Structure formats: structure tokens, C-alpha cells
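Each chain, letter by letter, is given below.
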2 protein chains.
Amino acid sequence: MNGLRSTEIASSLLATDFYQLTMLHAYREAGLHERASFEFFFRRLPPTRGFLVAAGLEILLEKLETAQFSQAELDWLRSTGRFPESFVNDLAGWRFTGDVHAVSEGTIIFQNEPIIRIEAPICEAQLVETLTINFLHYQTLVASKAARCVLAAPQARLIDFGLRRAHSLEAGLYAARAAYVAGFSGTASVHAGAAFGIPVYGTMAHSFIQAHDDESRAFLDFARARPDDTIFLIDTYDTEAGARIVAAIADKLRQLGIPVRGVRIDSGDLAAHACAVRKILDESGLSVTRIIASGGLDEWKLRDLVAQGAPIDTYGIGTSLTTSEDVPMLDCAYKLVEYGGVPKQKRSEGKVLWPGSKQVFRQYDSSGCLERDILGLAGEKLEGEPLLWPVMRDGRAELMTLDANRKRTQRGLQSLPHRLRDLGTPSDYPVEISDGLLRLAAELAKHGR
Amino acid sequence: MNGLRSTEIASSLLATDFYQLTMLHAYREAGLHERASFEFFFRRLPPTRGFLVAAGLEILLEKLETAQFSQAELDWLRSTGRFPESFVNDLAGWRFTGDVHAVSEGTIIFQNEPIIRIEAPICEAQLVETLTINFLHYQTLVASKAARCVLAAPQARLIDFGLRRAHSLEAGLYAARAAYVAGFSGTASVHAGAAFGIPVYGTMAHSFIQAHDDESRAFLDFARARPDDTIFLIDTYDTEAGARIVAAIADKLRQLGIPVRGVRIDSGDLAAHACAVRKILDESGLSVTRIIASGGLDEWKLRDLVAQGAPIDTYGIGTSLTTSEDVPMLDCAYKLVEYGGVPKQKRSEGKVLWPGSKQVFRQYDSSGCLERDILGLAGEKLEGEPLLWPVMRDGRAELMTLDANRKRTQRGLQSLPHRLRDLGTPSDYPVEISDGLLRLAAELAKHGR
């Protein structure tokens, strides 16, 4: 460490690309201070994502409301000698004062649909690019993965177990939240409970068993200390033997007034073990004792376990969730669409973008299923439900509750056509371009801009 | 938000699995306070990783030195009603006072090799499991990916461009550091410069060009404001046209005493564009102007561009680096290997582990290349270079400089046998088990523990 403390600076305004600062400096020197509109969207969906679930907005809005440079950060910037004093002094007064339109968290979204539009003086809208992408990309990634797990095992309780291999503790925090928005019942991550009020669950680790001389003693010690948390990890040495040990101590626990809430299986053939363990528990009068499974699970394995009728009540989903293991990134961009009231369009090869401030109009069929979306201009009056709403004005946000976002995902998943619910079918959902937007794009192309 | 502020809590001691706290409580109630040894290791290498580069240790040690619960965190724990007052009061005094042996950052490592051994009273060694895995897993993941990029383009300058799609701003911070340890020249992430003194680089974004009415004007505005940072982004509309615009304004800039340091290409066929642009620049007397390429690059694309002889001086590597896109997680574990002086071994199906406190002994061939590693007991005296060293005693760390870690990777990559440098060949590196370790494992198996 030869600078600011990494924990303090990790999510500061210095958590940005250096070019944001050089551009701010150059905008200032060139006198470019007009209002700009930037939109963030996902370019196309990967083959194994029939849809995405928007997430991360409220975390972003909270950040935009409060972001400013600290004295230590400004001192460090000065010390680099790469910016004139007057520019750094200006940064001391930097605040986000813009307006934001966005798609609510938990909304089902598709390719090319802006999920946020940020309108502000260009120096504000430019500087927040990195953090806007960072927050919305990752949380949408995890919410979309989590929604697939929910579709794969709709009757089960799903818990996020993925903090340890998330790409940072902060990633684990936001993953827990995104998974909850998407329909998970809770998380093992304590900080997510503290920050967001998400239900926190936990069992025990193999080390707890190993630190004892025998399993039976370990289970009893745990039950006496944590009578409300009696979920015993039974696979440290032999899963079925572990289940029999639980059955053997159940009477003793009952006398102490302690129920056996559950057992957890973390290795081997989960379906086979769950069947054998269920039988052992049932034969011992422990039919209300739940079976929790974990260990390398993802939506495909959930689907298979459900198809096999495995008697598993709760699944702990870890690394595959918090890293979105099969698809750890989505193609997305934050692009200038308007500057000083003039629509803008970038035309780099293979990356054509739609210009101007836009709106998404969603149309449903008679059964309430998603039918098509129309990508139009913000000013157009088109048929359908507009997805972008004002969520921040002059830098002040209107926040939703986490539960409202969670309910929105639930409704969204119910409105998905069957083909889009399938885990392996690429999305063919139509996002059509409005006449107004087509005309604007053609006009700009004619003028080479 | 209905709790503690997420930014403050993201990397607090509450960033842990709930079961760590319930186990601490149960250890306390059961009177289990003996010293425990835990080891962290990667189980096996993915097919596209011939080796791994250990990273993250010093970040972890700094965390262990300073970690404690804040008053607000303890108050929140109390408010949950899930722990007795006396236990929460105990947590107020929780500090890490243990000893740590570890493999230095930048060391080449292989399957089953402990890269850290944490010895402490079990309540300390247990609680730090989640953060130990979190820090070491992610940073080793990124350093290993970065080292592959270095091997693919050994003559080029490589810069981390991946903050925006890293899985959180904190992930981006640590990714920049891990990539630097592995041989990258720097990063675009400002916070990584502020926290670790890593060289920070930057160019300009498409929005800067688009905010102007024409490219020429945008380049001039930027150059006047940032005469030391003249790397022009030339692909907003047409790459070769952009290069010709740069050539056209070079004279004017020269008169102002401003050199044209470079141009950046971010889309299309990078090799073809680089050749055409190189020609345009050379013909305009800009032969010292560098070409920077970015946009969806990874080690495979680097290898192809180098093989094609693309005249590219610097590569910006983004998402593929910070998400380790092809392999976003490594199979790894933090396991109890000794408790109260007694070796321990977990035997869950398909997950057999080596018991006891261990050491890795590395043997080189006559040309200085890695030949084999021996996994032995910490007390054994075996031939070879021991990889684990004492790095923390009684909770106080001895830290290395970042540059020492970076040099270690450089030496390590030079000592890799040719077959392990190949991007597509799975590792066949021998990690042999010592006789002493085999005997101990057999003995424990005999007693069923």
C-alpha cells in the first residue's frame, strides 16, 4: 500500500477510468458544458439467456445522490501532477445534479433496450459512466442467472451461498441482493442482511464436525448452542451414516425441546443421497426435517434434480450464481445519444447504435404474456406500456422497496412466453424499431454523423 | 436500504457466511478454543490453465491485521435477536492474533498446493474463512489470466481496461493489482493508482468525439487540454479516415509543441486496421506514434494478433481479464487440517483432502525450469525450495513491495517448461505426495477420521 486505503477507495469516485478525468478536463478547457443524454443497454443476449432481469438501479441511484470526491482523494489527484490545480479544485464541487429515467428493478428486458437514461451536464453524465456500467451490468447479470434457477426449481427454497467465490466481498453483497430481487429466499451473506434486510440463512461447515472427535458430539454441541438453527451437515465422512447419527440423537434433542430442522448434503450424487436420507429420516419419525442440498449447483443441475423428483426442500446455490459462471459478462454499453439537444449516433464497425433519447413500449398478448417490445423515441406516443420512468430529478432519487422489486420479477417471470422460460433456447423475442427512430437514424446517417 | 450503509459494510467483518457466526457461538458454548490450522488450496486446474499465479496475499494480510467489528455492526447483530448478548459482547474483542505461512504473491502454483496456512484459536481461523477464500481466489484467478496474456504478447505493453465490467468496483481495484503483479504495465482504473501506486493510463471515449461536431476539432480540443495524453480514439466513424485526420492535424500540433503519442482502435479487424493505420501514420512522418488496440481482447486474440505481425504497441485488455471470462472461478477450498495439535482429514465423496500442516518443496531441472513439486508435511526435510514462508506472527504481518511480487512472477514465467506456457495445453505438472504425508493419510484413514 503506498496510497489511500484500498477499502475506503474501492467504491469512491476515483473508482473510475482515467479517461473520464482527462475528458472532464478537456471538456472544461474546450468550454463544452451542455446537457448530455447517455443510455445504457445490453447489445445482445447470450445464447443461454432467453431474457434478462434488470437490477442494480437503486444501488446506483443511492450512489449518484451521495457521490463526491473526498479531500484525501483530491490531494492524491493533485499529488500525481497530472492535472492543474484549478481543475482539481473544480472537482471538489462535483455533484450529480442530473435527471434519470430508468426501467424498474426486476423488469424483464431484452437486447438494445435502454434500461437507464442519464441526462446531465456532460461532465456529470460522463464521470458516472464507469460506475453506472459496473453496478447495472453485474447486478443484472446475477439477477438474470438467479431467475433461471427460480424457473428451474419453482417449488424449492433457493439460498445464495456464493459469497466466498464472488469476485470481491462487494460483489457478494450485491449478488445476494440481485438474487433476492429475482426470487431467491435469502442468502448466507451476513452483510447483505445488514445492508438490505435480506433474510440470512446458515448451517455449519465441515470444520465444525472435524474439530470434534465424533459427528454425534458435534451435532449435539451445535444443537445445544443453536436450538433454532439445527441444520446438520451430514456428509463429512459418509452421508447416510451421518443421517443415521442425526436420527439417533433426535430423541435426545426432542427431550431438550430442540427440533431437527434439517440436514445438509454437500457432495456426491445429491438425488441418490437425498432419497436415502429422506427414507432414514422418515423411518425415524423425522418427516418434517428438511433436506438442504449444496455443492456446485446451477440451474441445469436444479432442473435435473427436480426432474428426478429428488426430495430436496432447499438448495444453496453458490459460485455459479455469484460469478454467473457460464456467462460471466454481458455485452453492454453506455453511449451518448444526445448532446446540447442534438441526437448523436456512433457508427463504429459492427457496433451500430440507435440515436436520440429513447423509450421502450411493451405489448402483451390477450393472455397477458409478453408479445413484443417497440424501441421508439422518448417523445413518441406508441401503443404499449412504457418501461422507462423518471426515477431521479435534479440529483434526488425516488427509491422503491426491495420487496416491490422482487414482486415485479415474479410478475415478469409469469408473463414470459413458454419458449423464453426454457434454459437452453436463445431469445427470439422481437424488439422492433419504431418508424420515428428509423427516420432519425436514416437522417443522421445521411449527414455522416 | 434498511440497515447499515452498503458501502461501509461491503468489506467489513460482517462480509461473512452466517454459519461462521453460528459456529463461533457453538464453539464457545462447547468450550472448543484450541488452536486450529486451516489451509487454502486449489483442487485442480481447469483445462485451459497450465499453471496459476498466486495473488492477493498482502491484501488479505492487511485485512487480518486490522479486522474488527464496529459498534454499528455489533448493534445490528444484537438487533437481529439471533445471538445472546454475551456472545455479541465477546465479538467486540475479536481480533486476529494468529500465525500465517504462505506462498509469496507472484509464485507459480499448481493443484493441491496450500498457498496459505492459517494457525490461530479456532474462533479466529474459522471466522476469516470467507474473506480468505474471497481475496485469494479472485486475485489468483485474475493474475493467472493476466499471466496468460503476458505469455501471448511478451513484447507488447498490456493495460487493464476492465473496471467497468468487473463484478463490482472493488473487484476492479483488485484485478488491476493482480494484473500488475502478473506483468501488466498498468491500468485505466484510477483507484488502483491511488491505492497501490500502479501506473494509470487513459485515452478518450467515443462520447468525447461525438460531443464535438467533427473529429478533427475533438482531437485538437483534447490535445490542447492534455498535451501529454495525446492518444486519439480513431474508430468512432471510420478508422482509416480517423487516422488521416490525425495525420492532417499533426503539423499544427507540432507547432504547438504537442506530440502525437498514439491512436487507439477499438473495433473491427484490429490487425487489418492497425496495418492500414501504421502506413498512414508512417507516411505522415508519425513513425513514433504508437498504436493502441482494445475491444474484446483476450489471450487467444493477442496470440493471433502477434502471430499476424499486427503493428500494435499496446493492448487494452478489459472484461476478459477482470471477469476471467473463460474460467470465472477456480475449484478451491479452505480446510481444517489440524485441531489441538491433531491432524484432521475430511473424506466427503470425490473431495478427499490431505491431512496435517503441509509444505510444498519445489525442484528445478539443470536449466532452471520447474521439474516437480513435492507435497509434504510441514515438519519434513525434503529436497527442494520450500514455497510456504512465515508471513504473519501473532497477527502482525511482514509485507512485500508490489514490485518484488511482480518480479517474482516474471522469474516464475521464465522458469515454466515450454509445454506449460502453451495457452491450450492442460497442466501435467507433477505434484507428488511425500512418504510422510502418505503415511499420515493412511493412518488417519485406518481410524476412520
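What counts and how
Residues numbered from 1 in each chain as written. Chains lettered and ligands numbered in written order. Predicted model: local features only at pLDDT ≥ 70, side-chain atom pairs only at ≥ 80, totals over all residues. Helix = DSSP H or I, 4+ residues; strand = E, 2+ residues; numbered from the N terminus. Buried ≥ 20, exposed ≤ 12 C-beta atoms within 10 Å, placed from the backbone. Contact = placed C-beta atoms within 7 Å. Nonpolar A, V, L, I, M, F, W, Y, C, P; charged D, E, K, R; others polar. pLDDT = per-residue confidence, 0-100. Expected span 1.5 Å × (residues − 1). Pairing = 2+ DSSP bridges. Least-squares fit on C-alpha atoms with pLDDT ≥ 70 in both. Domains from an automatic or database assignment. Right-handed = clockwise from strand over helix to strand, strands pointing away. Core = buried A, V, L, I, M, F, W, Y, C linked by C-beta atoms within 7 Å. Axes fitted to C-alpha atoms, helices over the stretch in contact; angles between N-to-C directions. Parallel < 35°, antiparallel > 145°, perpendicular 65-115°, else oblique. Left-handed = near helix turned anticlockwise from the far one by under 90°.

## Focus: the overall build of chain A
Stage number 1. What chain A contains, in helices and strands, is 18 helices and 19 strands.
Stage number 2. In terms of overall dimensions, chain A has C-alpha extents of about 80 × 60 × 35 Å along its principal axes.
Stage number 3. The 449 residues of chain A split such that 57% are buried.
Stage number 4. At a minimum sequence separation of 6, the contacts of chain A that also span at least 24 residues come to 74%.

## Describing the interface of chain B and chain A
Stage number 1. Between chain B and chain A, the residue contacts involve 94 residues of the former and 94 residues of the latter.
Stage number 2. Looking at the side of chain B that touches chain A element by element, the count peaks at nine residues for helix 2 (residues 18–30) of chain B.
Stage number 3. By residue class, the composition of the side of chain B that touches chain A is 44 nonpolar, 31 polar and 19 charged.

## Quick notes on the confidence of the model for chain A
Stage number 1. When pLDDT is averaged along chain A, the result is 95, and 98% of the positions lie at 70 or above.
Stage number 2. As a predicted assembly, this complex carries a pTM of 0.97 together with an ipTM value of 0.97.

## A word on helix 8 (residues 169–181) of chain A
Residues and elements named next belong to chain A.
Stage number 1. When the terminal C-alpha atoms of helix 8 are compared, their 19 Å separation across 13 residues agrees well with the 18 Å that a helix rising 1.5 Å per residue should span.
Stage number 2. Of all 13 residues in helix 8, 13 are buried; the element is thus mostly enclosed.
Stage number 3. Phi for G183, located one or two positions after helix 8, is positive at around 125°.

## Side note on the sheet that holds strand 12 (residues 332–339) of chain B
Residues and elements named next belong to chain B.
Stage number 1. If you walk across this open sheet you meet the seven strands as 13-12-1-5-3-17-18, and the pairing is antiparallel. Both edges of this open sheet fall to strand 13 (342–343) and strand 18 (396–397), since each of them pairs with a single strand only.
Stage number 2. Strand direction decides the pairing type here: strand 12 and strand 13, joined by two bridges, are antiparallel. Counted as the bridge partner of E338 is P343 from strand 13.

## Section: the sheet that holds strand 17 (residues 388–393) of chain A
Residues and elements named next belong to chain A.
Stage number 1. Taken together, seven strands build an open sheet; the order of strands is 13-12-1-5-3-17-18 and the sheet is antiparallel. Of all strands in the sheet, those bounded by a partner on one side alone are strand 13 (342–343) and strand 18 (396–397).
Stage number 2. As judged from the two bridges shared by strand 17 and strand 18, these two strands associate in the antiparallel manner. Note on strand 18: the bridge partner recorded for R393 is R396.

## Observations concerning the relation of the copies chain B and chain A
Stage number 1. Superposition of chain B onto chain A requires a rotation of 180° combined with a translation of 0.0 Å along the rotation axis, giving an RMSD of 0.0 Å. The transformation just described matches what one would write down for a two-fold rotation axis.
Stage number 2. A high fraction, 100%, of the interface residues of chain B reappear at the interface in chain A, so the copies pair face to face through one surface.

## Some details on the pairing of strand 14 (residues 358–364) of chain B
Residues and elements named next belong to chain B.
Stage number 1. The buried count for strand 14 comes to five of seven residues, which makes it a mostly enclosed element.
Stage number 2. As judged from the seven bridges shared by strand 14 and strand 15 (residues 370–377), these two strands associate in the antiparallel manner. Bridge assignment links Q359 to a residue of strand 15, and that residue is G376.
Stage number 3. What sits between the antiparallel neighbours strand 14 and strand 15 is a turn of five residues, in which G368 has the positive phi angle 90°.

## As for the domain arrangement of chain A
Residue and element names in this part refer to chain A.
Stage number 1. Its domain assignment divides chain A into domain 1 (6–143 + 328–446) and domain 2 (147–322).
Stage number 2. At the junction of the two partners, domain 1 supplies 20 residues and domain 2 supplies 21 residues.
Stage number 3. Mapped onto the side of domain 1 that touches domain 2, the elements with two or more residues apiece are helix 7 (129–152) and helix 16 (402–414).
Stage number 4. In terms of residues, the side of domain 1 that touches domain 2 owes the most to one element, helix 16, which gives six residues.

## Topic: the pairing of strand 6 (residues 157–160) of chain B
Residues and elements named next belong to chain B.
Stage number 1. Bridge analysis of strand 6 against strand 11 (residues 314–317) gives four bridges, and the strand direction is parallel. Across the sheet, residue R157 finds its bridge partner in strand 11, namely T314.
Stage number 2. Bridging between strand 6 and strand 7 (residues 186–187) involves two bridges; their strand directions are parallel. Paired with D160 across the bridge in strand 7 is T187.
Stage number 3. Regarding the hand of the β-α-β motif, the stretch spanning strand 6, helix 8 (residues 169–181) and strand 7 is right-handed.

## Digging into the environment of A67 of chain B
All names here are of chain B.
Stage number 1. Tracing the sequence through the fold places A67 in the loop between helix 3 (57–66) and helix 4 (71–79).
Stage number 2. As for A67 and P199, which are separated by 132 residues in sequence, their C-alpha atoms are 28 Å apart.
Stage number 3. Contacts of A67, omitting those with residues within four sequence positions, involve L13 and F96.

## Some details on the environment of D304 of chain B
All names here are of chain B.
Stage number 1. Considering the arrangement of structural elements, one finds D304 in helix 14 (residues 299–307).
Stage number 2. For D304, a count of 13 C-beta atoms within 10 Å translates into the label partly exposed.
Stage number 3. For the pair formed by D304 and A271, sequence separation is 33 residues and the distance between their alpha carbons is 9.1 Å.

## What to know about the nonpolar core
Stage number 1. By size, the foremost hydrophobic cluster in this structure holds 298 residues, and its most contacted members are A146 of chain A together with A146 and A179 of chain B.
Stage number 2. Those residues in contact with A146 of chain A that sit more than four places away from it in its chain are A178, A179, A182, G183, F184 and L321 of chain A.

## Some points on the packing of helix 7 (residues 129–152) of chain B against helix 8 of chain B
Residue and element names in this part refer to chain B.
Stage number 1. Running from amino to carboxyl end, helix 7 crosses helix 8 at an angle of 45°, the nearest separation of the two axes being 8 Å. Here helix 7 lies oblique to helix 8, going by the angle between them. Considering how the two elements wind past one another, helix 7 and helix 8 form a crossing that is right-handed. Across from Y138, Q139, V142, A143 and A146 in helix 7, the residues of helix 8 making contact are A171, Y174, A175, A178, A179 and V181.
Stage number 2. Of the residues belonging to the contact of helix 7 with helix 8, the class tally is 10 nonpolar, one polar and no charged.

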